[in-house]
Amino acid sequence: MTEHIVFLLLGLGNGAVYAALGMALVVTFRSSGVVNFSTGAIALYVAYTYAFLRNGELLLPVPGLPTSLDLGADLTMAAAMAISLVIAAVLGLVFYALIFRPLRNTSAVAKAVASIGLMLLIQALLAARVGTSAIAVEPMLPDAVYDIGEGRVPADRLWFAAIIVLLGVALTVLIRTTRFGLATRAVAETERGAIVTGLSPDRVAAINWALSTVVAGISGILIAPIVTMTPSSYTLFIVPALAAAMVGGFSKLGPAIIAGLAIGMIQSEMTLLQTTIDAWPNSGTPELVPLVLILVLLITSGQRLPQRGDVSLKSLGRAPRPRSLWQPLIVCIPVATIVLVATDGSWRAAVISTFILAIISLSQVVVTGYAGQVSLAQLAIAGAAAFMLSIFSSDMNMPFPLAPLLAAVLATALGVVVGLPALRIRGLAVAVVTLALAVALEAFWFRNPELNGGLQGAPVANPELFGLDLGIGAGEGYPRLTFGFMCLLVLVIVAVGVAWLRRSRLGASMLAVRANERSAAASGIDVRRVKLAAFAIAAFIAAIGGCLLGYQQNVASSTTYAALAGIGLFATAYLCGVTSVSGGIVAGLAGAGGVLFLAMDRWLQLGDYYAMFSGLMLVIVVIRHPEGIVGPVHERIRIWRSRKSAPLPADLMAEAPSEMATLTRREPGEVILELNGIGVHYGAVVAVDDVTIAVREGEILGLIGPNGAGKTTFIDGISGYTRAAGTVSLGGSPLDGRAPHHRSRAGLGRTFQGIELYEDLTVEENVVVGTTAAADRPTSEDLDQLYDLLGLGPVAKRPVAELSQGQRQLVSVARALAGRPRVVLLDEPAAGLDSDESLWLGERLQAVRNSGVTVVMIEHDMGLVLETCDRVAVLDLGRLIALGTPDEIKGNPDVIRAYLGSTHTKVDPDEVESIDRNDDKTKEPVS
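Residues numbered from 1 in each chain as written. Predicted model: local features only at pLDDT ≥ 70, side-chain atom pairs only at ≥ 80, totals over all residues. Heavy atoms only, no water.

A. Just the nonpolar core, in detail. Counting 224 residues, the largest nonpolar core has Met23, Phe37, Met229, Tyr234 and Val498 as its most contacted members. For this core, the element with the most residues is helix H5 (residues 108–130), which contributes 16 residues. For Val498, the contacting residues outside a window of four places in its chain are Leu362, Val365, Val366, Tyr370, Ile541 and Val581. (Core = buried A, V, L, I, M, F, W, Y, C linked by side-chain atoms within 4.5 Å. Buried < 20%, exposed > 50% of the residue type's maximum accessible area, 1.4 Å probe, protein only. Helix = DSSP H or I, 4+ residues; strand = E, 2+ residues; numbered from the N terminus. Contact = heavy atoms within 4.5 Å.)

B. A look at helix H27 (residues 711–719). Counting buried positions along H27 gives nine out of nine residues, so the element sits mostly inside the fold. Residues of H27 that are buried: Lys711, Thr712, Thr713, Phe714, Ile715, Asp716, Gly717, Ile718 and Ser719. Remark: Gly720 follows H27 within two positions and exhibits a positive phi of approximately 95°.

C. Representation of the pairing of strand E15 (residues 823–827). Of all five residues in E15, five are buried, a share of seventy percent or more. Burial along E15 is two-sided: the residues Val823, Leu825 and Asp827 and Val824 and Leu826 are all buried. Summarising the sheet, strand E14 (residues 748–750) and E15 pair through three bridges and their orientation is parallel. Bridging across to E15, Leu748 finds its partner in Val823. As paired strands, E15 and strand E16 (residues 854–858) are joined by five bridges and run parallel to one another. Bridge pairing in E16 places Val823 opposite Thr854. (Pairing = 2+ DSSP bridges.)

D. Representation of the pairing of strand E3 (residues 145–148). Note: E3 against strand E4 (residues 151–154), four bridges, orientation antiparallel. Pairing of Ile148 across the sheet is with Gly151, part of E4. Taking the residues that link successive antiparallel strands as the turn, the E3-E4 hairpin has two residues, and the phi of Gly149 there is positive, at about 65°.

E. Region of the structure containing the sheet that holds E14. The six strands lie next to each other as E14-E15-E16-E11-E17-E18, forming an open sheet whose pairing is mixed. Here the strands that pair on one side only, and so sit at the sheet edges, are E14 and strand E18 (879–884). Each adjacent strand pair in this sheet contributes to an overall mean axis angle of 20°, direction not counted. Looking at chain direction, strand E17 (residues 871–876) and E18 are connected through five bridges and run antiparallel. The residue bridging Ala873 from the neighbouring strand is Leu883, located in E18. Sheet contacts for H27: strand E11 (700–704), E14, E15, E16 and E17; angle to E14, the most-contacted strand, approximately 145°. (Axes fitted to C-alpha atoms, helices over the stretch in contact; angles between N-to-C directions.)

F. Quick peek at the sheet that holds strand E9 (residues 671–682). Taken in spatial order, the four strands line up as E10-E9-E12-E13 in an open sheet, and their pairing is antiparallel. With partners counted over all chains shown, the strands left at the sheet margins are strand E10 (685–696) and strand E13 (733–734), one partner each. Pairing between strand E12 (residues 725–730) and E13: two bridges, direction antiparallel. Within E13, the position partnered with Leu730 by the bridge is Ser733.

G. Just the environment of Ile693, in detail. By the secondary structure assignment, Ile693 is in strand E10. Among all residues touching Ile693, those that are not within four sequence positions of it are Leu673, Glu674, Leu675, Leu701, Phe714, Ala873 and Leu880.

H. A nonpolar patch on the surface, seen in detail. Residues Trp326, Ile330, Val331, Val335 and Val339 make up a contiguous nonpolar surface patch of roughly 520 Å² in combined accessible area. Secondary-structure assignment places Ile330 in helix H13 (residues 327–342). (Patch = residues over 30% accessible without salt bridge, like charges linked within 9 Å, V, L, I, M, F, W, Y side chains within 5 Å. Areas by Shrake-Rupley, 256 points an atom, 1.4 Å probe, with all protein chains shown as cover. Salt bridge = Lys/Arg side-chain N within 4 Å of Asp/Glu carboxyl O.)

I. Looking closely at the packing of helix H2 (residues 12–32) against helix H10 (residues 238–247). Running from N to C, H2 and H10 point in directions that differ by 60°, and their axes come no closer than 8 Å. H10 is crossed by H2, and the crossing has right-handed handedness. Facing Tyr18, Leu21, Gly22, Leu25 and Val26 of H2, the residues of H10 in contact are Ile238, Pro240, Ala241, Leu242, Ala244 and Ala245. In terms of residue class, the contact of H2 with H10 is made up of 10 nonpolar, one polar and no charged. (Left-handed = near helix turned anticlockwise from the far one by under 90°. Nonpolar A, V, L, I, M, F, W, Y, C, P; charged D, E, K, R; others polar.)

J. Representation of the pattern of salt bridges in the model. If you walk through the whole model with that rule in mind, you get 14 salt bridges. Close ionic contact of Asp156 with Arg157 constitutes a salt bridge, the shortest N to O distance being 3.2 Å. As far as burial versus exposure is concerned, Asp156 and Arg157 are alike and both buried. Where Asp782 meets Arg820, a salt bridge forms, and the shortest distance between an N and an O atom there is 2.8 Å. You can see Asp782 sitting in helix H30 (residues 780–789) and its partner Arg820 sitting in the loop between helix H31 (805–818) and E15, a full 38 residues away along the chain. Residue class for Arg820 comes out partly exposed when judged on its relative accessible area of 39%. Among the charged side chains, a network of salt bridges with common partners joins Arg696, Glu699 and Arg871.

Below is the structure:
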């Protein structure tokens, strides 16, 4: 028992680092919404600065200058620490001002990617400036040793943990008792509210960035005597630190500190078990601890990384739709063939590496660029395939191509397992899980002597097909053309497949999920299935690339598939353009070992600075061009094509009425949508209270009410986006407990108050996504008729980003109708239209009703409601206060009071034209 106690106490050293870095993550996120993956690298830089100062030198980070500046004498521990922490604070201010302030209004994913670029930049900078040799630092904490049984515990671990706890207490007091702490909490809650009250979110974030880098610097300095410093020694401390911060919900310091200490102690215990229990795995179990903790937090509780009250958000960037699959091939294949044949030696090897890296990067395009799931485990999946290929080809003598295909299939299963957490979570949480998984795979499998083939790696047998040697060769013939052509053929197949995927219905569904999961579910898309499909396809592609890497190197090695290398691969793919096939190809050129890398090394002698350059470029690209390096090229092509296209019609009413608009009016039939006792509660707040409405087939039911009446919440409840009491029945079939996409497929379509179109798709693609919900999918002629009805025919091929607000509203309606719903729920379809356009829309909605679709419409334009609706329901404070014909509603005194106040009951309701909208801004989303 004492042995276990000793190891638990020994784990306090690393645990204190995780706790400190977790605190830094919380401080940064609360103030600026950044999950700072570079926190560990920042801590390392401050530790190096301290180590140099103790030796009388100031570390100079600028390439081209001397490595350090001689100060003439060694500094004392206190002086060196003070100067190092001042430098840390300045670094925090500089990082915020130059990188994260320009990204203030972008998505949390973009900010995290920028922090990954910063991490790579710092790590590469240190490697270039100080080399990779380990640096020892003199102890600064008491060096006593406590005997516990037969074990010994150094006192510095205990002192380190105590210092971090006291630091956490001090930060907690600062946040809870000072004006600055109050300002920080206000900004974390809502930047809009903070601005209104006179606070400056920029100033608050800048100070907190300085504070967080100081906290990270303290941990780096204190751990330096315990953990030998190399340029990558602290970087992956970010994984357990992220787990600790997640325990605190990225908002509370106390739980983060306790979790960090506990993770370090449990990891130390896992290390003991590895050495004392024969049946216990002898490698990698400590790295499993943060992964397991993260999965427990994210899956069992459904917890996601919180979203701050940012002013606005931007997407990952557009994913352009390839117009042709063959024209690029006609140009690219001959060029690649000529380059492959014309080169030899290291240049041909670089060309082959470019092909393989492009394949793996295309897997990143599928899972991140199309589906929006930030995966940092693609190279780890490739590594799993390579190690399995070694078993199948060398140990089991399985022939080619069966061995790589089987390895790829099994790695695909691993990719699906990686994607399982994405069924409950999204965005940055997926990135955290996949990074933790990559670290765990590397430690548990790739660096495990029992599983990785030993020091020489796992051998991979040469591929042979019908007696033809397809291997890379050796000696003078290295690398052989046959292997290069095989890699080129695989790249062509993968590139065409990924381009085809972008043009397919599944690809459109992926982009819909990336853009807005709520809206995608309303279109009948099974969001979970689409996510798993994206992870599976991407894993298969990455696995094929991993097998080719194994064949290229004749061995599967842990260094090739390390977690840090996987982060670098993701950074390169994002840098070049993670949303397009062309970006994936360029990522192959720019990847480590590719043609661009070799050219910079041979011609410019900048190979040592290549990783630094990549990190810097990633930061710049995230700020300036979210679509990556290829983004400006795509934008120029889009502008050129739009100039060649006909101008957008400005007058929606100029379109001739379609055949649907001339259909004969049918009287309402039997009840088709029965809503009994619908109620929605958010804790003690009653948003909707026991509302019962029977909607008849073939009618337009208007749903009106003052601001905050609960109209959109009511629609969310019956369509499955918010948990609601009561029962919902469509055509006699209950919908209670069914997911939104199941309700959509059952015939309950809807639009959203915020429109929520898919900006990356054309009008036609947006509408086609809506057909997912249709049991009998409409033909192209049916869709053309729908476009004509809503005046969208001339813009059907145009991106929705080019449309006016009114036209975008009509696209939203068209998408809902494309699913052939029996009942369609429209949330303010006339928003953005003037009065004439609203009446024109009303005529179109009446034509929709006449075609057999029942309409329930939330609307504030009373002219549209009174002219178009057959009946009107009125909500006030979540309760149904009136239900009747438009004439009955106009004269209802309760309705007049709800809208105009008791002192205005004599106002003629016929004069009421419209009511400003501001309804139900915050909802609880249902995954």
